[in-house]
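Structural overview for review
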Amino acid sequence: MQAPGKIHYILSPGNLCSQEVLEYFKSVCSNTHITKGDFDDNPSFQDNEVLELGDFRIGVCHGHQVVPSGDTDALALLQRRLNVDILVSGHTHEFMAMQHEDRILINPGSATGAFSSLTPSAHPSFVLMDIDGSKASVYLYNLIEEEVRVEKMEFTKAASKLL
């Protein structure tokens, strides 16, 4: 994964909490897109960011602005407001990836498994996405009881659904 050129973008929904984490991300990939978490104080981080990758519009948001936290319908409302096909959010520290209303919602969880009052049993998890035109392959990595579990989900954007 850390071989040069393997990762083209890093999308993080925030709460990096330190300059060192940001510098590490940039050492892996110079094209980083990070939104402001509720514990971030970096003035360059925005509340939301929208990128176009392949045929997809991807939105990134920490998620502490979504009420109730982690609620599928509330996330879908933000997704429609940002007019994005894929929404990457965080805040709950609980991994989630699903298709909802012909769009994709992803919460990569917490790469460190950090405790959250919303998810007291959080475990380390992250997501890698491979976007090729109208196809998104999502690789889900979870560390559960000292075993790395990897799942793959594929989403294809129908031509009539292009925004």
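Residues numbered from 1 in each chain as written. Predicted model: local features only at pLDDT ≥ 70, side-chain atom pairs only at ≥ 80, totals over all residues. Heavy atoms only, no water.

How we decide: UniProt positions are given in the numbering used here, feature names are shortened, and annotations may be inferred rather than shown by experiment.
Named according to an unreviewed UniProt entry, the protein chain is Vacuolar protein sorting-associated protein 29 originating from Apatococcus fuscideae. The protein chain has a UniProt comment under Sequence similarities (unreviewed entry) that states "Belongs to the VPS29 family."

Some details on the packing of aromatic side chains
Definition in use: Between 30 and 60 degrees the pair is tilted, below 30 it is stacked and above 60 it is edge-to-face, where a pair is any two Phe, Tyr or Trp rings, Trp via its six-membered ring, whose centres lie within 6.5 Å. Only DSSP runs of H or I reaching four residues or more are called helices, and only runs of E reaching two or more are called strands; each is numbered from the N terminus. The rule is simple: take the accessible area with a 1.4 Å probe, protein chains only, and divide by the maximum for that residue type; under 20% is buried, over 50% is exposed, in between is partly exposed.
Counting across every chain of the model gives one aromatic pair. Between F126 and Y141, the aromatic rings sit 4.7 Å apart at their centres with planes inclined by 0 degrees, giving stacked as the arrangement. In this pair, F126 is assigned in strand β8 (residues 125–132) and Y141 in strand β9 (residues 135–144), connecting sequence segments 15 residues apart. A relative accessible area of 22% means that Y141 is categorised as partly exposed.

Quick notes on the state of the cysteines
The cut-off we apply is this: Two cysteine sulfur atoms make up a disulfide if the distance between them is within 2.5 Å.
A full pass over the atoms with the stated rule returns zero disulfides. C61 supplies the cysteine sulfur nearest to C17, a cysteine that is in no disulfide, at a spacing of 16 Å.

Things to note about the nonpolar core
Put simply, the rule is: In plain words, nonpolar cores are sets of buried Ala, Val, Leu, Ile, Met, Phe, Trp, Tyr and Cys residues tied together by side-chain atoms within 4.5 Å. Note on definitions: a residue-residue contact is assigned when non-hydrogen atoms from the two residues lie within 4.5 Å.
The biggest cluster of nonpolar side chains holds 15 residues, and the ones touching the most others in it are I58, I86, I106 and V138. At the level of secondary structure, the elements contributing two or more residues to this core comprise β3 (48–53), β4 (56–61), β5 (86–89), β7 (103–107) and β9. Ignoring anything within four residues of it in the chain, the contact list for I106 reads I86, L87, V88, S89, M96, A97, V127, M129 and V138. By size, the runner-up hydrophobic cluster in this structure holds nine residues, among which are C61, V66, A74 and L87.

Quick look at the pattern of salt bridges
Filter applied, for reference: The salt bridge criterion pairs a side-chain nitrogen of Lys or Arg with a carboxyl oxygen of Asp or Glu, the two atoms within 4 Å.
Counting across every chain of the model gives five salt bridges. Across the pair R57 and E52 runs a salt bridge whose closest N-O atoms are separated by 3.3 Å. Under the relative-accessibility criterion, E52 is labelled exposed at 59%. A salt bridge links K157 to D85; the nearest nitrogen and oxygen atoms lie 2.8 Å apart. Here K157 is found in the segment after β10 (147–156), whereas its partner D85 is found in the loop between α2 (72–82) and β5, with 72 residues between them in sequence. Across this residue pair, the class does not change: K157 and D85 are buried.

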